[in-house]
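Chains, contacts and geometry: an overview
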Amino acid sequence: DHEIALWLNQMAGQRPALDRFVYTLSASALLKGGLFMAFFWWQWFRHDAARTARRQLILTALAGAIVAIAAARALQIALPFRVRPLHDAALSLRPPAGVNPATLDGWSSLPSDHAVLFFALATAVWRLSRPLGGGAFLWAGVVVCLPRVYLGYHHATDILAGALLGVLVMTLSLALLRPRLLAGPLLRWERAHATSFYCLAFLASLQLAVMFQDVRALAGDTIGLVELLREPTAQTADAP
């Protein structure tokens, strides 16, 4: 881990244009979740004999992706805290141009939630199309995850652990979440109430594309507001 981080960090700050490109690549929701969600929407609206089975798989896969990202966050909280390379005093990495040194400070790096989600989605793409699935795995590794190692957000083993977890969770989801239990009712809803189904499906795919950043931010701000509102009450209770 340290050798890879130090080797990549040799280039940081030397070529600002490269740093900015990698940072933009890492931050681009369009090039990460956007492309994956576009693929699933394309597959959803294809008309052929396998349409129903394909839609069942897509719905199951998106549910599996949500399970994967939840599992990643749970493990980040449950496992011993692992400092990110960018904040590791033993490494003393030079932040690439454009990177805030305080980014993700206080967040454990293991496993990489990016690797978990996008390798899980790549597994679903593989089930729908082997050629595109191979490209999806490559895209998840090179375009989504490698920049996060370069920027100091993750160790290489964070990515590896996340990739393995994502593939495992998606494989189990596709095997255990039977169409009758999940996809069947959702497809009946789509046929009976298409307007509400597609409104919510759009919102769900949007949040997956941005890795629930809006939901996380809203939840964090709500918790902060509740704690702020409780402070005067606590001070009144402590007053003599």
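Now for a look at the structure at hand. (Residues numbered from 1 in each chain as written. Predicted model: local features only at pLDDT ≥ 70, side-chain atom pairs only at ≥ 80, totals over all residues. Heavy atoms only, no water.)

**Here we look at the overall build of the protein**
Inclusion rule: Numbering of helices and strands runs from the N terminus, with a helix taken as a DSSP run of H or I at least four residues long and a strand as a DSSP run of E at least two residues long. Residue exposure ignores everything except the shown protein chains as possible cover, and the areas themselves are Shrake-Rupley values with a 1.4 Å probe. Neither His nor the chain termini are counted; the positive set is Lys and Arg, and the negative set is Asp and Glu. To locate a charge, take atom NZ for lysine, CZ for arginine, CG for aspartate or CD for glutamate.
Per the secondary structure count, the protein includes 10 helices and zero strands. In the protein, the succession of α and β elements from N to C terminus is α-α-α-α-α-α-α-α-α-α. C-alpha extents for the protein along the principal axes are approximately 60 × 60 × 30 Å. Summing over all exposed atoms, the protein offers an accessible surface of approximately 13100 Å²; the carbon and sulfur share of this is 68%. Charge centroids of the protein, computed over 20 positive and 14 negative side chains, lie 16 Å from each other.

**Some words on the packing of aromatic side chains**
What counts here: Any two rings among Phe, Tyr and Trp, with Trp reduced to its six-membered ring, count as a pair given centres within 6.5 Å; such a pair is stacked if its planes are under 30 degrees apart, edge-to-face if over 60, and tilted if neither. The classification of residues rests on relative accessible area computed with a 1.4 Å probe and restricted to protein chains. Under 20% of the type maximum is buried, over 50% is exposed, and intermediate values are partly exposed.
According to the stated counting rule, one finds 11 aromatic pairs in the structure shown. When the ring of tryptophan 44 is compared with that of phenylalanine 197, the centres are 5.8 Å apart and the planes differ by 20°; the resulting orientation is stacked. Taken together, the residues span a long stretch of sequence, with tryptophan 44 in helix H3 (residues 30-44) and phenylalanine 197 in helix H9 (residues 194-209) at a distance of 153 residues. On the basis of relative accessibility, which here comes to 5%, the residue phenylalanine 197 falls in the buried class.

**Topic: the pattern of salt bridges**
Selection rule: When a carboxyl oxygen of Asp or Glu is within 4 Å of a side-chain nitrogen of Lys or Arg, the pair counts as a salt bridge.
Throughout the structure, instances matching the rule amount to four salt bridges. The residue arginine 54 makes a salt bridge to aspartate 48 at a minimum N-O spacing of 3.1 Å. Aspartate 48 gets classed as partly exposed once you look at its relative accessible area, which sits at 34%. Close ionic contact of aspartate 158 with arginine 82 constitutes a salt bridge, the shortest N to O distance being 2.6 Å. With aspartate 158 in helix H7 (residues 156-176) and arginine 82 in the loop between helix H4 (51-78) and helix H5 (113-128), this residue pair connects regions lying 76 residues apart in the sequence.

**Concerning the layout of surface pockets**
Spelled out, the test is: Buriedness for pockets is judged along seven lines, at least five of which must meet protein on both sides within 12 Å for an open set on the 1 Å grid over protein atoms alone, while cavities are sets there where a 1.4 Å probe fits but cannot get out, and lining residues have an atom within 4 Å of a point. Grid points are joined across faces, edges and corners, and a volume is the space filled by probe spheres set on the points. Lys, Arg, Asp and Glu make up the charged group, whereas Ala, Val, Leu, Ile, Met, Phe, Trp, Tyr, Cys and Pro make up the nonpolar group; the residues left over, Gly among them, are polar.
Within this model, the largest pocket holds a volume of roughly 490 Å³. At the level of elements, helix H2 (16-27), H5 and helix H10 (213-238) are the ones that each hand at least two residues to the lining of the largest pocket. The element that contributes the greatest number of residues to the lining of the largest pocket is H2, accounting for three residues. Of the residues contributing to the lining of the largest pocket, the split by class is eight nonpolar, seven polar and five charged. Size it by volume and the second largest pocket reaches roughly 370 Å³. In terms of lining residues, the second largest pocket is bounded by 18 residues, among which Leu59, Leu62, Phe197, Ala201 and Ala204 are the most central. Looking at the lining of the second largest pocket, the elements with two or more residues in it are H3, H4, helix H8 (183-192) and H9. Here the lining of the second largest pocket takes six residues from H9, the largest share from any one element. For the lining of the second largest pocket, the class distribution of residues is 17 nonpolar, one polar and no charged.

**Let's talk about H2**
To keep it simple, the criterion reads: For a helix, the expected span equals 1.5 Å multiplied by the number of residues minus one. Directions from the helix axis toward the C-beta atoms define the arc. Residues are treated as being in contact if the distance between any of their heavy atoms lies within 4.5 Å.
Relative to the 16 Å expected for 12 residues at 1.5 Å per residue, H2 spans 16 Å between its end C-alpha atoms, a close match to the ideal helical length. Of all the positions in H2, only Asp19, Val22, Leu25 and Ser26 are classed as buried. An end-on view of H2 places all buried positions within 130° of arc, on one side of the element. Those residues of H2 that are exposed and angled more than 90 degrees off the buried face are Ala17, Phe21, Thr24 and Ala27. Structurally, H2 contributes buried residues whose contacts are with H3 and helix H6 (130-150).

**Focus: the environment of arginine 216**
Turning to its location among the elements, arginine 216 is positioned in helix H10. A C-alpha to C-alpha distance of 18 Å links arginine 216 and lysine 32, two positions 184 residues apart in sequence. With sequence-adjacent residues up to four places away left out, arginine 216 is seen in contact with Ile69, Trp107, Asp113 and Met211.

**Some thoughts on the nonpolar core**
Applicable threshold: To form a nonpolar core, buried Ala, Val, Leu, Ile, Met, Phe, Trp, Tyr and Cys residues must be joined to one another through side-chain atoms within 4.5 Å.
Counting 52 residues, the largest nonpolar core has Phe36, Met37, Phe40, Leu117, Phe118 and Leu121 as its most contacted members. Residue assignment for this core shows that the elements contributing at least two residues are H3, H4, H5, H6, H7, H8 and H9. At 11 residues, H5 tops the list of elements feeding residues into this core. Residue contacts for phenylalanine 36: discarding those within four places in its chain leaves Phe118, Leu121, Ala122, Val125, Ala136 and Trp139.

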